[in-house]
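# Close look at the chain arrangement
The primary structure of each chain is shown beneath.
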Amino acid sequence: MTSNRTRSAVRAGVLTTALAAFLCTGATAVSAASAESPSAPPAAVRAGVPAGVTAGVAVFDRQTGSFTEQLNTAAQFRSASVVKLLIALDVLWNRSPDALSAADRTRIDTMLRGSDDTAASTFWSNNGSGAIIDRMVARLGLTDTARPPSSHPGYWGYTALSARDTVKIYRHLLDSAPAATRDYVLGDLRHSTRCATDGYDQHFGIAGSFNRPWAVKQGWSGFSSGGCTASTATAAKADGAAGEPAGTDARTPAAADAVDLSRPALHTTGVVGAGDRSIVAVFTLHPAGTSYGKAYTDIGRLTRSLNVPGATRPAGTWVGTWGSGVRVRTQATTASGAITTLPAGVEVLVGCQKRGQQVSQPPYLNDWWAQLPQYGGYMTNIYLSVPENQVPGVPVC
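Glancing now at the overall build of the chain. If you tally the helices and strands in the chain, you get nine helices and 14 strands. Burial statistics for the chain: of 397 residues in total, 55% are counted as buried. Residue pairs at least 24 apart in sequence account for 71% of intrachain contacts in the chain once pairs closer than 6 positions are excluded. Accessible surface computed for the chain: about 14800 Å², of which carbon and sulfur atoms make up 53%.

Across the eight residues that make up strand β7 (residues 278–285), a large majority, eight, are buried. Taking every second residue as pointing to the same face, both faces of β7 are buried, with S278, V280, V282 and T284 on one and I279, A281, F283 and L285 on the other. Where strand β1 (residues 54–61) and β7 come together, eight bridges link them in antiparallel fashion. Note on β7: the bridge partner recorded for D61 is S278.

For the rest of this paragraph, the subject is the sheet that holds β7. Pairing in this open sheet of five strands is antiparallel, and the strands run β2-β1-β7-β6-β5 from one edge to the other. Of all strands in the sheet, those bounded by a partner on one side alone are β2 (66–71) and β5 (214–221). With strand direction ignored, the average angle separating the axes of adjacent strands in the sheet is 5°. As judged from the eight bridges shared by β5 and strand β6 (residues 265–272), these two strands associate in the antiparallel manner. What sits directly across from W220, in β6, is L266. Here helix α7 (residues 179–190) sits on the sheet and contacts β5 and β6; the angle it forms with β5, its principal contact strand, is near 70°. Across the sheet, helix α9 (residues 292–304) is in contact with β1, β5, β6 and β7; its angle to β6 comes to roughly 40°.

To continue, consider the environment of V346. For V346, the location among the structural elements is in the loop between β10 (338–341) and β11 (347–350). The class for V346 is buried, based on a relative accessible area of 0%. Counting along the chain gives 22 residues from V346 to S324, while the straight-line C-alpha distance between them is 9.3 Å. Residues contacting V346, with those up to four places away along its chain left out, are G293, Y296, T297, V319, G320 and T321.

Judged by nonpolar contacts, the single largest core of 47 residues is most densely connected at V348, M379 and L384. Per-element accounting of this core gives the leading share, five residues, to α9.

Here we take up the pattern of salt bridges. Opposite charge on two side chains permits them to pair, given that their charged atoms come into close proximity. Within this structure, the stated rule accounts for 17 salt bridges. For D144, the salt bridge identified is with R164, shortest N-O distance 2.6 Å. With D144 in the loop between α5 (130–140) and β4 (160–161) and R164 in helix α6 (residues 163–176), this residue pair connects regions lying 20 residues apart in the sequence. Judged by its relative accessible area of 7%, D144 falls in the buried class. Take R164: its relative accessible area is 33%, and that puts it in the partly exposed class. Its salt-bridge partner being R190, residue D276 comes within 3.0 Å of it at the nearest N-O pair.

With that settled, consider the packing of aromatic side chains. Throughout the structure, instances matching the rule amount to 11 aromatic pairs. Arranged with centres 6.5 Å apart and planes meeting at 85°, the rings of F204 and Y292 form a pair that is edge-to-face. With F204 in the loop between α7 and α8 (206–209) and Y292 in helix α9, this pair connects stretches of sequence that are 88 residues apart. Accessibility assignment for this pair places F204 and Y292 in one class, buried. Relative to Y296, the ring of Y292 has its centre 6.0 Å away and its plane inclined at 70°; by these criteria the two rings are edge-to-face. With a gap of four residues between them, Y292 and Y296 both fall in helix α9, about one helical turn apart. On the basis of relative accessibility, which here comes to 3%, the residue Y292 falls in the buried class. Classification of Y296 by relative accessible area gives buried; the value is 7%. Aromatic rings pair up to connect Y200, F204, W220, F223, Y292 and Y296 into one cluster.

Looking now at the side chain of E69. Locating E69 in the fold gives a position in strand β2. Within the buried core, E69 has no salt-bridge partner, and the shortest N-O distance to an opposite charge, that of R313, equals 7.6 Å. A distance of 2.9 Å separates a polar side-chain atom of E69 from the backbone nitrogen of N307.

The next thing to look at is the state of the cysteines. Taken as a whole and judged by the stated rule, the model has two disulfides. The disulfide partner of C195 is C228, and the S-S distance across this bridge is 2.1 Å. Across the S-S bond linking C195 and C228, the dihedral sits near -80°, which makes this disulfide left-handed. With C195 in the loop between α7 and α8 and C228 in the loop between β5 and β6, this residue pair connects regions lying 33 residues apart in the sequence. The class for C228 is buried, based on a relative accessible area of 0%. A disulfide bridge connects C352 with C397, and the sulfur atoms are separated by 1.9 Å. An S-S torsion of about 95° defines the bridge between C352 and C397 as right-handed. Of the two residues, C352 is situated in strand β12 (residues 352–361) and C397 in the segment after β14 (377–380); the sequence distance between them amounts to 45 residues.

Quick notes on the rules
Residues numbered from 1 in each chain as written. Predicted model: local features only at pLDDT ≥ 70, side-chain atom pairs only at ≥ 80, totals over all residues. Heavy atoms only, no water. Helix = DSSP H or I, 4+ residues; strand = E, 2+ residues; numbered from the N terminus. Buried < 20%, exposed > 50% of the residue type's maximum accessible area, 1.4 Å probe, protein only. Contact = heavy atoms within 4.5 Å. Areas by Shrake-Rupley, 256 points an atom, 1.4 Å probe, with all protein chains shown as cover. Pairing = 2+ DSSP bridges. Axes fitted to C-alpha atoms, helices over the stretch in contact; angles between N-to-C directions. Core = buried A, V, L, I, M, F, W, Y, C linked by side-chain atoms within 4.5 Å. Salt bridge = Lys/Arg side-chain N within 4 Å of Asp/Glu carboxyl O. Phe/Tyr/Trp six-rings, centres within 6.5 Å; stacked < 30°, edge-to-face > 60°. Lys, Arg positive; Asp, Glu negative; His and termini not counted. Polar contact = N/O pair within 3.5 Å; in protein donor to acceptor, adjacent residues only side chain to side chain. Disulfide = S-S within 2.5 Å.

Interpretation in functional terms is not warranted from these geometric data alone.
Set out below in structure tokens:
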């Protein structure tokens, strides 16, 4: 039997051959993430920002009317798809959802649930491009939000947005918007699909850290692959990075020209808990070249460190993975249906483990499978970054 030391060394450098076709495709280097047990929210207000990450964070407790977390709340980030909240609210301003055309209703549904870029670009082009942002800034009293910079006037995903302005957007939606608008928009956000329409897994951050009820609008930009389909096909386009050219948009005083447009961005925003008790906004920038799985893991760790009143956390142990195209299946067998494909190198929550079909990836044989409660399925333990066939400390299913 191979020793633990040899197993770790092999996983760190030798296993670069193609992965078995029925499991995954395109092996990559082992993730450096280690097993991590869940913990209760910190007693002190302290956001755990991973090394190399720039973050803006705000958590607002609607029950007490106070913030439980504030970090760089006024810092401007390029919004990526979080701006779709403003695009949708602009369409619905002084208009009931029932008054929408069937085409516009479908566009809003796909834009908010699946983060569809084509729908957002249609609204952006038809409704005045940057003027949408100007209108919503005035309507909601936003202080850090600005239309895209003069160099990219048609790129709605380059709209400047801050954590504190995002809290204002959700507070308007929850407390001031007409009930029909509130219920319609939040209904779509509660039905956020795991796989966005461009092939990115969008259930990171809030959606990956807390049990339902939650409603989320996420954003990402600057990544080459999200890897979220059963077939491993992915889109190469960065979410929110493209839009219809707006040509000669007028400039506004609150310009977004200084916003970082280069580093990979990953944002998680939404409401959490019974009665939508907490509003959470986490904006992050990552070092150039960061993989989607690494950023997904880092924003998950940051979100889990936050004091979010009303949130409940799933039981289990967080464990790193390695390889790309690793599939989550309905049962502990390679013959069972594929639910989705994990972002390469992402950290996953393991609820329990059980024996199933034996999997071979020379020099390894492993018949243990991990149950992933956040995905509702199983993955073979062979692609977990642990030295043994079983994950230490994780119970048997």
